[in-house]
Amino acid sequence: MTKVGKPERMIIGGKRLDGRELEHFRAISIEIGNLKKAAGSAVFKFGDTYAQTAVFGPQEMHPKHLQNPEKSFIKCRYAMAPFSSTERIRPGRTRRATEISKVIKEAFSDVIFLEDYPKTSIDIYIEILQADASTRCAGLNAASLALVDAGIPMKNLVSSCSVGKVDGKIVLDVGGLEDNYGEVDMAVATVADEDKFILLQMDGIVTKQELSKMLDLARKGCSQIFEMQKNALKEKYKIGEGDEQDE
Amino acid sequence: MSESYITKLVGDEQRVDGRKFDQFREIKIETDFIKTAEGSARIKIGKTDVVVGIKLSVGEPYPDSPDEGVLAVNTELSPIASPEFEPGPPGEESIEISRVIDRGIRESKCVDLEKLCIEAGKKVWMINVDVHVLDHDGNIIDAGGLAAIAALLKTKIPILEDDVIKYGEYEKKLEVKDTPIPITTAKIAGKFLIDPNLEEEQAMDARITLTSTKDGNICSIQKGGIGYLTKEEIEKATDLSIAKGKELRKLLGM
């Protein structure tokens, strides 16, 4: 028996259900520094997936017994808003959210200069306001920009995207029905556009050859995301003519 | 033992217990030894000791899959196993282990959940896979994952009569169609080694767990820890996982 609501085919004439080519992203939009209270903030959207992030710190680490005299401690909380999905999501930490928060924390631990801020914590909050697959990837991309916005020194940006297998075809940026009914879903984050995978999670059966192809496509996708993140930052922090006269 | 000593050893192509990089510690399997469970297994990998017990009960299916049974994996990092483990609700480490083992089982489709439906939308079999760590000397994911599939292979479905489960009397064996085996590779000093013991885990930069199916495909991946992996490194770990999965499957008699 097939799952309820599964479309008969998800790739028709080389195009996906939303009209995309196999290796295309959905529309991406980025906004940096949109929250006032947080030290840094950013929004990242893949189509209807909407991630709002905020960064606080470096600030004194609480509880104190977890303070590390040699480096900063990253706290990361990924959460889906109750209204972000068709079925309401009960507030509070789910096991899924706990696991995703852990792997995101580990990914950023590799790029932030934690030794610069002993005894502190850097708090990363990722709030998914609307979910249409690839939410952790949107969250990672937004968090990376929020960290820059907070002025936290990093070796480089973190860029993330998902790849999947749908109707036997390898696709970039899994979205919509592809997440529910596709064969494979893989989330990846790299350090900028480099061959350095700092997050990798996959569900679904693949051959070794397919995995290799998926990793290549993920790298390509992350490189494109990295360019978009860089451009958004340049746009946000460009020095206008007026700014220079002020000095 | 210090992390830097482990790292230095690995840099010199050696391991603290004298193993090769692609060598497991001695593995011992015992199955079906807990009478109160519908399936059970105990796996020892070196000094790491893990028990899995499987309990079946009848419950309601999830609304989005009304004709499927429910399978859930939980991991108990008992203070028995390590002074680092504290009693209380599962923390992020325990949740990650559970979810990695769970995804291996689920994605391999080794248990046909539709066959666990009793009455669509109302009653299904719920399979609880409980992983109990008794002694922690590293590589709990592989030990727990191997114990989970070993226990599932021994699981029997009890007789259900007028909505009452007759525990201890069985209708049939649980059908298990695949044998997902998770293999974790640790990256230390740029080198790759499997089955890290506790000292090696404390010294590792990153780890990657790939679960293989009996056909030699991969059904689940989890990278963990701080530190990156290159594509070449991921592929090397993939080869190791497929090769070692084959070896471990023999221990299960598959």
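Heads up: the structure comes first, above all this text.
Since this is a predicted model, take the numbers as computed values, not measurements. (Residues numbered from 1 in each chain as written. Chains lettered and ligands numbered in written order. Predicted model: local features only at pLDDT ≥ 70, side-chain atom pairs only at ≥ 80, totals over all residues. Heavy atoms only, no water.)

Some remarks on the sheet that holds strand β6 (residues 73-80) of chain A
Residues and elements named next belong to chain A. Cut-off, in case you're wondering: The pairing criterion is simple: DSSP has to find at least two bridges between the two strands. For the purposes of this entry, the term helix denotes a DSSP run of H or I that reaches at least four residues, the term strand denotes a run of E that reaches at least two, and both are numbered from the N terminus. Angles shown run from 0 to 180 degrees and are taken between the N-to-C directions of axes, each axis being a line fitted to C-alpha atoms and, for helices, limited to the stretch in contact. It only takes one pair of heavy atoms within 4.5 Å for two residues to be counted as in contact.
Read across the open sheet, the five strands follow the order β3-β4-β5-β7-β6; overall the sheet is mixed. The sheet terminates laterally at β3 (28-32) and β6, the two strands that pair on one side only. Put simply, the sheet's adjacent strands are angled 15 degrees from each other on average, direction ignored. Pairing of strand β4 (residues 40-46) with strand β5 (residues 49-60), which is carried by seven bridges, proceeds in the antiparallel orientation. Bridge pairing links Phe46 to Thr49 in β5. Relative to the sheet, helix α1 (residues 95-109) contacts β6 and β7 (120-130), its axis offset from that of β6 by approximately 140 degrees. Contacting β3, β4, β5, β6 and β7, helix α2 (residues 135-149) runs over the sheet at an angle of about 150 degrees to β4.

Here's the deal with the interface of chain B and chain A
Condition: In short, buried area is how much 1.4 Å probe accessible area vanishes from two parts on joining, totalled over both. We define a salt bridge as a side-chain nitrogen of Lys or Arg found within 4 Å of a carboxyl oxygen belonging to Asp or Glu. A 3.5 Å cut-off defines polar contacts: any pair of N or O atoms within that distance qualifies, except that in protein one atom must be a possible hydrogen donor and the other a possible acceptor, and neighbouring residues in sequence count only when both atoms are side-chain atoms. Here the term charged refers only to Asp, Glu, Lys and Arg, the term nonpolar to Ala, Val, Leu, Ile, Met, Phe, Trp, Tyr, Cys and Pro, and the term polar to all other amino acids, Gly among them.
Between chain B and chain A, the contact holds 38 residues from the first and 29 residues from the second. Looking at the side of chain B facing chain A, the largest losses of area belong to Glu92, Ile221 and Lys231 of chain B, adding up to 19% of the total buried there. If you look at where chain B meets chain A, you find seven salt bridges. For Lys105 of chain A, the salt bridge goes to Glu92 of chain B, with nearest N and O atoms at 2.7 Å. Our count for the contact surface shared by chain B and chain A stands at 23 residue pairs in polar contact (both at pLDDT 80 or more). The set of elements that each furnish at least two residues to the side of chain B that touches chain A consists of β4 (70-77), α2 (92-108), β11 (206-212), β12 (218-224) and α5 (231-251) of chain B. Ranked by the residues each element gives to the side of chain B that touches chain A, the list is headed by α2 of chain B, at nine residues. The residue makeup of the side of chain B that touches chain A, split by class, is 13 nonpolar, twelve polar and 13 charged. Sheet topology places strand β11 (residues 197-206) of chain A next to β12 of chain B; four bridges connect them, and they run antiparallel.

Thoughts on the environment of Ala218 of chain A
Residue and element names in this part refer to chain A. Filter applied, for reference: Each residue's exposure class comes from its accessible area (1.4 Å probe, protein chains only) as a fraction of the maximum for that residue type: buried when under 20%, exposed when over 50%, partly exposed otherwise.
Mapped onto the fold, Ala218 is located in helix α4 (residues 208-236). Given the relative accessible area of 0%, Ala218 is considered buried. A sequence separation of 175 residues divides Ala218 from Val43, and the C-alpha atoms of the two residues are 21 Å apart.

Quick word on the pattern of salt bridges
For the structure shown, the criterion picks out 43 salt bridges over all chains. Here Lys208 of chain A makes a salt bridge to Asp239 of chain B, at a shortest N to O gap of 2.8 Å. Of this pair, Lys208 of chain A sits in helix α4 while Asp239 of chain B sits in helix α5, on two different chains. Glu119 of chain B is paired through a salt bridge with Lys123 of chain B; the nearest N and O atoms lie 3.8 Å apart.

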